[in-house]
Amino acid sequence: MAKAFASQADLEEKKVTFTQLSENAYAYTTEGDPNSGVIIGDDGVLIVDTTATPAMAQDLIAKIRTVTDKPIKYVVLSHYHAVRVLGASAYFKEGAQQIIASRGTYEMIVERGEADMKSEIERFPRLFAGVETVPGLTWPTLVFEKEITLSLGKLEVKIAHLGSGHTKGDTVVWLPQQKVLFSGDLVEYDAACYCGDAQLAEWPATLEALRSLGAEKLVPGRGPALLDPVQVNKGLDYTKDFVTTLLAQGRAAVAQKLDLKGAMSLTREAMDPKFGHVFIYEHCLPFDVTRAYDEASGITHPRIWTAQRDKEMWDALQD
């Protein structure tokens, strides 16, 4: 029997954890579902990633309201994927003034935001609960090139594009005074890395740029918050192992002149023993293998995923 497409069979609600990381920072983590971050300054709040719909954002807002009544002034998009950004409109009612994104993220929304929205909604029905509340694409109101710094009162917040990896526009949020880092999907832990839109060859160097910050706590895109330097390095190493193994198998498949289905078999031999048990592995692997095979074949800019392309690829790779 063919596997259910992507995460369409994943209907079990996940446990949400709201963890204080420092005097100002909190992690909103959800057992392998996408995480969000919260930074509370002297006069307002900054959100890192919005959740997938305004309806789903209400739970995060409710958690924030247990610790502060300050307005939510800023929303940062770690990248362009719909599951991260389509909840943004919920925060305007809470005082949001700016939606902040890198130039690369803005360009990806222009190029493929509409296709990505339709694609992801088909892949993740549970994560798009209340999809009817989404007013449309989320557009940044403030676009930066490499780095900007916000002052939330006495707290300095750096928002930076340190390199590509998960997407071409990946953005991290860094609290240098408190050594807390929000990585978005550049780092995952105990979850598969979704690589369908990745720059795989560049990703390891970007991880080393993150490591050089010296974070003592890190909130990955998926998985538990990493609460000490040892765990932070484990998360970076885990992600690096995943993406380098994936690309190596893609290159090997191309060198052996295998087709995509052959590349999938070769990749499973290397990756299933190490990663087969983690969150969303079976969902991600077909997309990951396709992107690794493309990149190894010389397609440097990821091809656009559409709802139709998703299912054609999925069906072609089933046994």
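Computed from a predicted structure; not experimentally measured.

S.K.: I keep staring at the overall build of the protein chain and nothing clicks. Help me out?
M.R.: A count of helical and extended segments in the protein chain gives eight helices and 12 strands. By the compact-globule yardstick of 20 Å for 319 residues, the protein chain fits well, its C-alpha radius of gyration being 19 Å. Expressed along its principal axes, the backbone C-alpha trace of the protein chain runs to roughly 60 × 40 × 35 Å. Expressed as a percentage of its 319 residues, the buried residues of the protein chain come to 57%. The contacts in the protein chain between residues at least 6 apart in sequence include a share of 71% that link residues at least 24 apart. As displayed, the protein chain offers around 12,500 Å² of accessible surface, 52% of which is attributable to carbon and sulfur atoms. Looking at charge distribution, the protein chain has the averaged site of its 33 positive side-chain charges lying 2 Å from that of its 44 negative ones.

S.K.: Just to check I follow, could you spell out the UniProt feature "domain: Metallo-beta-lactamase" (unreviewed entry) in the protein chain for this structure?
M.R.: Cross-referencing UniProt, the feature "domain: Metallo-beta-lactamase" (unreviewed entry) maps to residues 33-222 in the present numbering. Strand forms 29% of residues 33-222 and helix 24%; the C-alpha atoms that close the span are 6 Å apart.

S.K.: I'm lost on the packing of aromatic side chains in this one. Help?
M.R.: Remark: the centre distance and the inter-plane angle together describe each pair of aromatic rings, the angle taken between the planes. Scanning the entire structure with this criterion turns up eight aromatic pairs. Aromatic rings pair up to connect Tyr189, Tyr238, Phe242 and Phe275 into one cluster. One cation-aromatic arrangement involves Arg123 over Phe287; the distance from NZ or CZ to the ring centre is 4.0 Å. A cation over a ring is seen here: Arg123 above Trp305, with NZ or CZ 5.8 Å from the ring centre.

S.K.: How should the nonpolar core be read in this particular structure?
M.R.: Among soluble globular proteins, nonpolar side chains are generally buried collectively. Counting 46 residues, the largest nonpolar core has Cys195, Leu200, Trp203, Phe242 and Tyr281 as the members making the most contacts within it. Secondary-structure elements contributing two or more residues to this core are β10 (172-175), β11 (180-188), α4 (203-211), α5 (229-255), α6 (260-275), α7 (281-296) and α8 (307-317). In terms of residue count, α5 provides more of this core than any other element does, eight residues in total. Sequence-distant contacts of Phe242, that is, excluding residues within four places in its chain, are made with Ala192, Cys193, Cys195, Met271, Phe275, Tyr281 and Asp288. Of all hydrophobic cores here, the second largest spans 29 residues; its members include Tyr28, Ile61, Val83 and Phe124.

S.K.: I'm lost on the pattern of salt bridges in this one. Help?
M.R.: Oppositely charged side chains can pair when the atoms bearing their charge come close. Within the structure shown, the criterion is met by 22 salt bridges. Two residues, Arg268 and Asp272, come together in a salt bridge whose shortest N-O distance is 3.1 Å. With Arg268 and Asp272 both in helix α6, this residue pair falls four residues apart, about one helical turn. Beyond isolated ion pairs, a larger network of salt bridges with shared partners links Glu208, Arg211, Asp237 and Lys240.

S.K.: I keep staring at the environment of Trp203 and nothing clicks. Help me out?
M.R.: By the secondary structure assignment, Trp203 is in helix α4. Overall, the relative accessible area of 0% leaves Trp203 in the buried class. In sequence terms Trp203 and Glu122 are 81 residues apart; their C-alpha atoms lie 27 Å from each other. Once you skip the residues sitting within four places of it in the chain, Trp203 turns out to touch Ser164, Gly165, His166, Asp185, Leu186, Cys193, Tyr194, Cys195, Ala198, Thr239 and Val243. Reaching out from Trp203, the side chain makes a polar contact with the backbone oxygen of Leu186 at a distance of 3.0 Å.

S.K.: How do you make sense of the side chain of Asp185 when you look at a structure like this?
M.R.: When you line up the elements, Asp185 lands in strand β11. Among the polar contacts made by the side chain of Asp185, one reaches the side chain of Arg84 at a distance of 2.5 Å. Once residues lying within four places of it in the same chain are set aside, the contact partners of Asp185 are His79, Arg84, His166, Trp203, Gly221 and Arg222.

S.K.: Help me understand the pairing of β10 in this model?
M.R.: Remark: a regular strand shows side chains that alternate across the two faces of the sheet. Taking every second residue as pointing to the same face, both faces of β10 are buried, with Val172 and Trp174 on one and Val173 and Leu175 on the other. Relative to β10, strand β9 (residues 155-160) runs antiparallel, the two being bridged by three bridges. Paired with Ile159 across the bridge in β10 is Val173. Here β10 runs beside β11; their pairing, made up of three bridges, is antiparallel. By the bridge assignment for β11, Trp174 is matched with Leu181. Hairpin connection, β10 to β11: the antiparallel pair is bridged by four residues, and Lys179 has positive phi, about 60°.

Rules and cut-offs
Residues numbered from 1 in each chain as written. Predicted model: local features only at pLDDT ≥ 70, side-chain atom pairs only at ≥ 80, totals over all residues. Heavy atoms only, no water. Helix = DSSP H or I, 4+ residues; strand = E, 2+ residues; numbered from the N terminus. Rg over C-alpha atoms; globule rule 2.2 N^0.38 Å. Buried < 20%, exposed > 50% of the residue type's maximum accessible area, 1.4 Å probe, protein only. Contact = heavy atoms within 4.5 Å. Areas by Shrake-Rupley, 256 points an atom, 1.4 Å probe, with all protein chains shown as cover. Lys, Arg positive; Asp, Glu negative; His and termini not counted. Charge placed at Lys NZ, Arg CZ, Asp CG, Glu CD. UniProt positions renumbered as here; feature names shortened; annotations may be inferred. Phe/Tyr/Trp six-rings, centres within 6.5 Å; stacked < 30°, edge-to-face > 60°. Lys NZ or Arg CZ within 6 Å of the ring centre and 35° of its normal. Core = buried A, V, L, I, M, F, W, Y, C linked by side-chain atoms within 4.5 Å. Salt bridge = Lys/Arg side-chain N within 4 Å of Asp/Glu carboxyl O. Polar contact = N/O pair within 3.5 Å; in protein donor to acceptor, adjacent residues only side chain to side chain. Pairing = 2+ DSSP bridges.

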